[in-house]
Amino acid sequence: MSTTTAPDPRRVALWAAAQGWHVIPLAPGTKVPMRGCDRCSPGTKDRPTPSYVRHDGHGCECITAGRPCHGVLAATADPERITAWWTHTPKAGVGIAAGPSRLVILDVDCHGGTSPEDTAELLPGLDLPSDLTPGSIVDGRDVLALLCEARRAPYLEDDRTLTVRTPTGGVHLWFRSPAGMAWRPLAGALGWQLDIRAGSSYAVAPGTITRAGAYLAQGRCRAVTELPAWLARDLDRTGHRVRAERPRVVLPWRPRSAGTGYVATAVRGELSAVAEAQPGTRNGTLNRAAFRLGTLLAPGNLNRAQVTDALLDAARHAGLPDREAEAAIRSGVSAGERQPRTLGGAA
Ligand SMILES: [Zn+2]
Ligand SMILES: [Zn+2]
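Let me begin by describing the structure that accompanies this report. Per chain, the residues get numbers from 1 upward, laid out in the order the sequence is written. To label them, take the chains in the order written and letter them from A, then take the ligands in the order written and number them from 1. In view of the model being predicted, local features appear only for residues whose pLDDT reaches at least 70, and side-chain atom pairs are presented and counted only at 80 or more, with totals across whole chains, interfaces and linings using the full set of residues.

### With respect to the overall build of the chain
The criterion, for reference: A helix here means a DSSP run of H or I that spans at least four residues, while a strand means a run of E at least two residues long, and both kinds are numbered starting from the N terminus. Here the radius of gyration uses the C-alpha set of atoms, whereas the globule reference equals 2.2 Å times the residue count to the power 0.38. Counting other C-beta atoms within 10 Å of a residue's own tells you its class, since 20 or more makes it buried, 12 or fewer makes it exposed, and anything in between is partly exposed; those C-beta atoms are placed from the backbone. What counts as a contact is two residues whose backbone-derived C-beta atoms lie within 7 Å of each other.
Counting its regular elements, the chain contains nine helices and 14 strands. For 347 residues, the compact-globule estimate of 2.2 N^0.38 gives 20 Å, and the chain exceeds it by more than 25% at 29 Å. Based on the C-alpha atoms only, the size of the chain along its principal axes is roughly 95 × 55 × 40 Å. Scored against the burial criterion, the 347 residues of the chain give a buried share of 35%. Look at the contacts in the chain between residues 6 or more apart in sequence, and 69% of them connect residues 24 or more apart.

### Section: the sheet that holds strand 1 (residues 22–26)
Here is the rule: Whether two strands pair comes down to DSSP finding at least two bridges between them. Lines fitted to C-alpha atoms define the axes, with helix axes restricted to the stretch in contact, and inter-axis angles between N-to-C directions lie between 0 and 180 degrees.
Spatial ordering of the open sheet is given by 1-2-9, a layout of three strands whose pairing is antiparallel. Both edges of this open sheet fall to strand 1 and strand 9 (202–204), since each of them pairs with a single strand only. Averaged over all pairs of adjacent strands, the angle between strand axes in this sheet comes to 35°, irrespective of strand direction. The strands touched by helix 1 (residues 9–18) are strand 1 and strand 2 (93–97); relative to strand 2, the strand with the most contacts, the crossing angle is about 20°.

### Quick look at the packing of helix 8 (residues 304–317) against helix 9 (residues 322–337)
Threshold: By definition in this entry, angles of less than 35 degrees are roughly parallel, angles greater than 145 are roughly antiparallel, angles of 65 to 115 are roughly perpendicular, and the rest are oblique. Here a crossing is taken to be left-handed if its near helix is turned anticlockwise relative to the far helix by less than a right angle, and right-handed if that turn runs clockwise. Ten residues, namely Ala, Val, Leu, Ile, Met, Phe, Trp, Tyr, Cys and Pro, are considered nonpolar, four, namely Asp, Glu, Lys and Arg, are considered charged, and the remaining ones, Gly among them, are considered polar.
Here helix 8 crosses helix 9 at 140°, and the two axes come no closer than 10 Å. One way to sum up the angle between helix 8 and helix 9 is to call them oblique. When the axes of helix 8 and helix 9 are compared, the crossing they make is right-handed. Contacts between helix 8 and helix 9 involve Arg304, Val307, Thr308, Leu311, Leu312 and Ala315 from the first element and Ala325, Glu326, Ile329 and Val333 from the second. When the residues that make up the contact of helix 8 with helix 9 are grouped by side-chain class, the tally is seven nonpolar, one polar and two charged.

### Examining the pairing of strand 3 (residues 103–108)
Of all six residues making up strand 3, six are buried, and the element is well covered by its neighbours. Burial along strand 3 is two-sided: Leu103, Ile105 and Asp107 and Val104, Leu106 and Val108, pointing in opposite directions, are all buried. As paired elements, strand 3 and strand 5 (residues 171–176) share six bridges and run antiparallel to each other. In the strand pairing of strand 5, Val104 is matched with Phe175. Bridge analysis of strand 3 against strand 8 (residues 194–197) gives four bridges, and the strand direction is antiparallel. Within strand 8, the position partnered with Ile105 by the bridge is Arg197.

Right, dumping it as structure tokens:
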């Protein structure tokens, strides 16, 4: 490290929050999140924290109370909370939680190592020039250059967005996520020595000094530009995109047909249980219902087709695929039919 005056971490954190980013304090001199309170910190294998209580950090009261527990889960853009954290630990470094900050950070490693023998592993899924010699690829920068070339895109490190040089000589290219898109972090999925920080991961803010060296913005560009569409497509292709599952629309469910009296009540009960079964128990619930209704099959009461149709309808409501549902119904009804119930005097 040279003697350049290090920026005050609190000012770095407040600057980041002013960009709308969510920050966490890093343990002074390191790039790891600051340790939380004893109750929330398991410690290490060699030195476990005695008063640690195993619990899920999501919804932990420490976070609501403003304590920097559970790493990125505590990330905030609230200037008051930030001021309190850095007043307490003025030398804490600044980490930026990618997901809540809507950032996608391309981490280009330059830590040497031998590049894969098979050039197909450099950028999985991409056709690379056939004359490429493996020895010509030394680090992540070369792989990134190849990717940009393959996409006929300008070289990304060329002052197009905030670029942070890391102590190990790598670079972090910071991008804004396009609206409505969510991402997950993966290491090496895009290409050799190309990692993605997004979602639940974080990056060290420029201006943070660790014992290994400084994270410094390079070039002149300090703006974070939107993730280029071509790169967004490549990240999607390589499994970084998170697509929200469509929530199942649950409507009040009514059985279509259901005899009368005792049988009707039994049918309604079984069908509702199937329709409202949760993933994980749906198949078993359906099979048991089919068995019970199978025991009631009798001329004048219920016929097999009616039962099958009504059960299938309920199973669809529960979100079970038809093929799975049909098999469960068939085996359940058949087993039930072999043990008929006599309805002593019931209607
Ligand atoms: Zn805590
Ligand atoms: Zn906790």
